[in-house]
Amino acid sequence: MATKRINMKDIAQEAGVSTATVSYIINKRSDQVIAPQTIKKVEEAIKRLGYVPNLGARALASKHSHLLGLLIPQTEKETKLMFSNSFYGTFLSNFEYEARKKGYNILISGTSADESYLDVAQKRSLDGIVIVGVELESDIKGLKKNGIPAVLVDSYGMDKELSSVTIDDENGGFLATEYLISMGHRTIGIATGYLTKEGVNTERLKGYKHALAANGLSHDDRYVYSGTISYEYGIELGLALAKSPDRPTAVFATADILAFGLVKGLKKGGLRVPEDISVVGFDDGFMASNMEPALTTVRQDVDSKARIAAQLVIDAIEEKESSSNIVLPVSLVERESVRKLVVN
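Summarised in this report is the structure supplied together with it. Because the structure is a prediction, the values reported are computed rather than measured.

This part covers the side chain of threonine 177. Its location among the elements puts threonine 177 in helix α9 (residues 169–182). Setting aside residues up to four positions removed in sequence, threonine 177 forms contacts with Ile188, Tyr208, Ala211, Leu212 and Phe252.

Here the focus is the sheet that holds strand β8 (residues 250–253). Taking strand neighbours across the sheet as the criterion, the 6 strands line up as β7-β6-β8-β9-β10-β12 in an open arrangement whose pairing is mixed. The open sheet has two edge strands with one neighbour each: β7 (224–226) and β12 (331–333). Averaged over all pairs of adjacent strands, the angle between strand axes in this sheet comes to 20°, irrespective of strand direction. Inspection of the sheet shows strand β9 (residues 278–283) paired to strand β10 (residues 296–299) by 4 bridges, in the parallel sense. Residue valine 280 lies in a different strand from β10, and its bridge partner there is threonine 296. Against the sheet, helix α12 (residues 256–268) makes contact with β6 (188–192), β8, β9 and β10, and its axis sits at roughly 155° relative to β9, the strand it touches most.

A pair of packed helices is characterised by two quantities: the angle between their axes and the separation of those axes. The geometry of α9 relative to helix α10 (residues 200–214) is characterised by a closest axis approach of 6 Å and an angle of 40° between their N-to-C directions. Considering their axes alone, α9 and α10 lie oblique with respect to each other. In this structure, the crossing between α9 and α10 has a hand that is right-handed. From α9, Asp169, Glu170, Gly173, Phe174, Thr177, Glu178 and Ile181 reach across to α10, where they touch Val200, Glu203, Arg204, Lys206, Gly207, Tyr208, His210, Ala211, Leu212 and Ala214. When grouped by side-chain class, the residues that make up the contact of α9 with α10 number 7 nonpolar, 4 polar and 6 charged.

Attention shifts here to the pattern of salt bridges. A complete count under the given rule lists 12 salt bridges for this structure. The salt bridge involving arginine 272 is made with aspartate 276; its shortest N-O contact spans 3.2 Å. Aspartate 276 gets classed as partly exposed once you look at its relative accessible area, which sits at 31%. Linking aspartate 284 and arginine 299 is a salt bridge whose minimum nitrogen-to-oxygen distance equals 3.6 Å. Taken together, the residues aspartate 284 in the loop between β9 and β10 and arginine 299 in strand β10 connect sequence positions 15 residues apart. By relative accessible area, which is 16% here, aspartate 284 ends up buried. Residue class for arginine 299 comes out partly exposed when judged on its relative accessible area of 37%. Connected via shared salt-bridge partners are Glu98, Lys101 and Lys102.

What follows is about helix α3 (residues 36–49). Turn by turn, an α-helix covers 3.6 residues, leaving residues three or four places apart pointing in a common direction. Between its first and last C-alpha, α3 extends 20 Å over 14 residues, near the 20 Å set by a 1.5 Å rise per residue. Those residues of α3 lying buried are Thr38, Val42 and Ala45. For α3, the arc enclosing every buried residue in end-on projection is 60°, short of the 170-degree limit, so these residues lie on one face. Those residues of α3 that are exposed and angled more than 90 degrees off the buried face are Pro36, Gln37, Lys40, Lys47 and Arg48.

Turning next to the nonpolar core. Counting residues in each nonpolar core, the largest one holds 68 residues, and the members touching the most others are Leu68, Phe91, Phe95, Val130, Leu266, Val279 and Ala309. Ranked by size, the runner-up nonpolar core spans 18 residues in total, among them Leu107, Ala121, Ile131 and Leu143.

Between valine 273 and proline 274 the backbone carries a cis peptide bond, its omega angle lying at 10°. Within the fold, proline 274 resides in the loop between α12 and β9. A cis amide bond links glutamate 292 with the next residue in sequence, proline 293, at an omega value of 0°. Looking at the element boundaries, proline 293 is found in the loop between β9 and β10. For aspartate 154, which is not glycine, the phi torsion reads 55° and is therefore positive. Relative to the assigned elements, aspartate 154 resides in the loop between β4 (150–153) and β5 (163–167). For aspartate 284, which is not glycine, the phi dihedral falls at a positive 65°.

Cut-off values and rules
- Residues numbered from 1 in each chain as written.
- Predicted model: local features only at pLDDT ≥ 70, side-chain atom pairs only at ≥ 80, totals over all residues.
- Heavy atoms only, no water.
- Helix = DSSP H or I, 4+ residues; strand = E, 2+ residues; numbered from the N terminus.
- Contact = heavy atoms within 4.5 Å.
- Pairing = 2+ DSSP bridges.
- Axes fitted to C-alpha atoms, helices over the stretch in contact; angles between N-to-C directions.
- Parallel < 35°, antiparallel > 145°, perpendicular 65-115°, else oblique.
- Left-handed = near helix turned anticlockwise from the far one by under 90°.
- Nonpolar A, V, L, I, M, F, W, Y, C, P; charged D, E, K, R; others polar.
- Salt bridge = Lys/Arg side-chain N within 4 Å of Asp/Glu carboxyl O.
- Buried < 20%, exposed > 50% of the residue type's maximum accessible area, 1.4 Å probe, protein only.
- Expected span 1.5 Å × (residues − 1).
- Arc of directions from axis to C-beta.
- Core = buried A, V, L, I, M, F, W, Y, C linked by side-chain atoms within 4.5 Å.

Shape descriptors only; they carry no functional weight alone.
If you want it as structure tokens, here you go:
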């Protein structure tokens, strides 16, 4: 037999007060003056009865669900993308914590190519939405038209009326490639995700090309390896490079997860890192300093990116500030995965 759900009327009877008084206390109505002893009686009744608020009903009454959506479009054609890359775990942890501190819960979802962000927001009664990696501005028009507070993360070429937070991805690609050049490398490959007109991968590729040009080196499409941002693709590429007589002396991987797989594949193919080939990553998550060899990588502050995204969308919901477009800096962390070559 199902257990009866405790409601405000039950609490009112238990505490000997009106249902309205219980409602005022539970909803923390500041416009009502209630005696401290009455509040104490109601709180004790709630504890005895084991009352759990009906968040759905509360949302209908207040017109706010206190629910934020964190959406991760599956642009890499990898159905498990958000769970296989530690970047998303770090981002999620910090985003959830910041939201919880401000009294919000979160809904996490991947989205398919044919799925509307507006539909997700409306069906789930989201107060606001944060989307990581929007590639087409048309995808967010519905959110803007319907006035749903939205923040874009790692998205390029979008209308600046929406708040956004990114890092200096192009400079990150430049720093990684410039460092390899400074270490004597002249044939440098780039391992990246699928390349689109706008996006993180394209920005990091721009930085790679810029560094080559700034140092008088020509860009060679043979050394651009494009697949999924995944450990599996990294292994596949590493094995292929190990067999290739025309491989570069170094590879810049545009994500640490890709670099980890690349190093694994190179080793399985019989090559040593960095003695035979050097590798630089991008992210500087926990594993970068703990793998063998420790990974030289471009560091981005994922913690701050997540916290800022949460704060921006909450500010938009509570109408505290107008839109903001924030770009966070990056830096290079030198470890053990790059060998210095002697330049003749």
